[in-house]
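Residue-level structural notes
Residues per chain, in single letters:
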Amino acid sequence: MDFEKNAKLLDDLKKIISNSIESKIAEFLKNIHSADLAEISNKLSKDELLLVVKNLSYPKAARFISELETDYRKYIIENIMLDHLAFILEEMETDDAADILWEIDDEEKKHKILKLIKDKKYVGEITELASYEEWTAWALMAKEYVKVNKNWTIDECLKEVRRQAQEVDRVHSIYVVDNSGVLIWRVSLKDLISAPAEKKVEEIRKKRVDYVFIDTPANEVAYIMEKYNMEAIPVVDNKTKLVGRITVDDIMDFIRDTAEENYNLASGILDDVKESDKIRYLVKARLPWLVLALFWGLMAVSVMWGFEEAMEKNWELFFFTPLIAAMAWNVWVQSSALVVQALANNSLKWWIFARFFKELSISIVNWLLLSFLLLIFWYFIFEFSNLVIMAVCISLVSVIILASMIGTFVPLLLNKYWINPAVATWPFITTSNDIFGILIFFSIAKIIIGF
């Protein structure tokens with residue numbers, strides 16, 4: 001099990017660190033994968049974390065820092081020697097190095113680090129990447145890729161691939177460009193290796209080459225790569241000149257970060273917080289929305305207070321209030337969750353009216369089944385007047401239809417105006433749905449029972 005493996009790794013590492021023999025630490029870390037180290041990083045003290053980074057080889061330190069959570073990565077960036085950090089950055093792919101650069105707030109420190117990097121072309125590339133808008137293809141892409149000219153033979157291409165591959169960790173495809181650098185074809189590594197040396201690259205090309213533009217939103221890039229099952233996708237400028245590539249691991253990072261953000265939004269937490277954060281940060285992230293939910297809850301109390309006389313005369317109505325509120329909340333969450341999921345997957349292809357009628361049909365079927373269950377419950381457990389039964393059933397259908405419609409259309413409306421649809425499940429929004437449910441219930445009861 002990973003838990004047992006990590007526990008043993010952590011225990012062994014702490015024992016070696018406690019002996020304060022750096023040569024033994026470096027020797028121990030040689031055989032540990034950077035991903036395993038990153039997984040136990042939150043169990044290390046800050047001093048231990050720095051000691052680990054100092055005793056890793058530069059390439060391994062680069063991978064380790066890239067896989068760390070943001071808070072731990074920032075601590076290392078702020079406390080490690082600048083020349084050491086510069087050496088580590090040089091071992092990273094340009095997109096990862098650009099992320100590190102983007103996290104450094106001190107411009108003077110950033111300038112000093114860049115000055116220490118010897119490869120000035122590399123410096124220009126990561127500076128350019130770090131300056132672009134977040135969550136676009138440009139921000140996700142790396143400058144490391146393999147390209148060949150359309151006029152070359154297979155032999156010439158292989159020589160160039162060998163030369164360029166020294167700077168690229170993984171070669172997924174070889175991109176074919178014309179004399180102006182415009183992307184025109186792609187070639188698989190397998191076809192290139194197995195083709196006769198005297199053949200032209202044109203003869204083994206793949207006619208279809210999917211690509212994205214530098215300003216393509218990251219979620220669209222993820223959709224394209226998932227749709228066509230791609231391990232990497234080339235990025236072009238507005239003249240379709242090849243400028244970079246995005247690999248599947250970059251997209252996985254984006255998907256994970258987006259999922260965390262959406263989960264936090266759905267929970268009423270706007271700040272990017274982790275379970276391991278300090279109490280004051282967690283309180284700061286949660287408290288504002290809890291306070292708002294408190295006031296929203298008090299509004300629900302005031303609505304019920306307005307029907308105090310009705311509850312005195314028909315006390316049994318009070319016991320159905322939680323049922324109506326809970327039903328409104330559940331239907332809202334179910335409807336909005338399906339729409340948010342469909343929007344995230346780009347699978348919402350129905351016209352708005354078709355969606356409306358489907359939700360209406362689902363609501364009516366659910367109401368009929370739930371009303372039937374309620375009637376059975378009342379018949380065998382409690383006895384209520386027919387008017388109360390009628391009021392509850394009519395309120396139930398009204399609440400289910402209203403919650404279903406709002407839960408469907410609020411995410412669509414938010415998405416239309418470029419607001420994250422996950423906001424539709426914020427606690428204070430769902431609480432407002434409960435308020436409307438209670439208001440509808442007592443209003444219908446007043447009309448039917450007549451109090």
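See the structure printed just above.
Residues numbered from 1 in each chain as written. Predicted model: local features only at pLDDT ≥ 70, side-chain atom pairs only at ≥ 80, totals over all residues. Heavy atoms only, no water.

**Structural notes on helix α14 (residues 218-227)**
Residues spaced three or four apart along an α-helix face the same direction, because each turn holds 3.6 residues. The complete set of buried residues in α14 reads Ala218, Val221, Ala222, Ile224 and Met225. Looking straight down α14, one finds that the buried residues subtend no more than 165° of arc, so they occupy a single side. Of the residues in α14, the exposed ones pointing more than 90 degrees away from the buried face are Glu226 and Lys227. A positive backbone phi angle near 55° is found at Asn229, which sits one or two residues after α14. (Buried < 20%, exposed > 50% of the residue type's maximum accessible area, 1.4 Å probe, protein only. Helix = DSSP H or I, 4+ residues; strand = E, 2+ residues; numbered from the N terminus. Arc of directions from axis to C-beta.)

**Quick word on the nonpolar core**
Note on soluble globular proteins: their nonpolar side chains tend to be buried together. Counting residues in each nonpolar core, the largest one holds 64 residues, and the members touching the most others are Leu13, Val52, Phe64, Met92 and Ile246. In this structure Leu13 touches Phe28, Leu29, Leu37, Ile40, Leu44 and Val52, once residues within four positions along its chain are discounted. Ala300, Trp378, Leu396 and Ile400 belong to the second largest nonpolar core, which has 30 residues in total. (Core = buried A, V, L, I, M, F, W, Y, C linked by side-chain atoms within 4.5 Å. Contact = heavy atoms within 4.5 Å.)

**What to know about the sheet that holds strand β6 (residues 242-247)**
Ordered by their spatial adjacency, 3 strands build an open sheet running β4-β5-β6, and the pairing between neighbours is mixed. Every interior strand has two partners, whereas the edge strands, β4 (212-213) and β6, have only one. Here strand β5 (residues 232-236) pairs with β6 via 5 bridges, running antiparallel. Bridge pairing links Val236 to Leu242 in β6. Where α14 meets the sheet, its contacts fall on β4, β5 and β6, and the angle it forms with β5 comes to roughly 135°. (Pairing = 2+ DSSP bridges. Axes fitted to C-alpha atoms, helices over the stretch in contact; angles between N-to-C directions.)

**Things to note about the sheet that holds strand β3 (residues 183-188)**
Note: strands within a sheet are paired through backbone hydrogen bonds, in either parallel or antiparallel orientation. With respect to topology, 3 strands assemble into an open sheet ordered β1-β2-β3, the strand pairing being mixed. Bordering the open sheet on either side are β1 (147-149) and β3, each of which pairs with just one other strand. Here the average twist between neighbouring strands, direction ignored, is 35°. With 3 bridges joining them, β1 and strand β2 (residues 173-177) adopt parallel strand pairing. Looking at the pairing, Asn149 lines up with Val177 of β2.

**Quick look at the pattern of salt bridges**
Taken as a whole, this structure holds 14 salt bridges when the rule is applied. As a salt-bridge pair, Lys30 and Glu27 come within 3.6 Å of each other at their nearest N and O atoms. Separated by 3 residues within a single helix, Lys30 and Glu27 lie in helix α2 (residues 22-30), roughly one turn from each other. What makes Lys30 exposed here is its relative accessible area of 59%. Judged by its relative accessible area of 47%, Glu27 is partly exposed. (Salt bridge = Lys/Arg side-chain N within 4 Å of Asp/Glu carboxyl O.)

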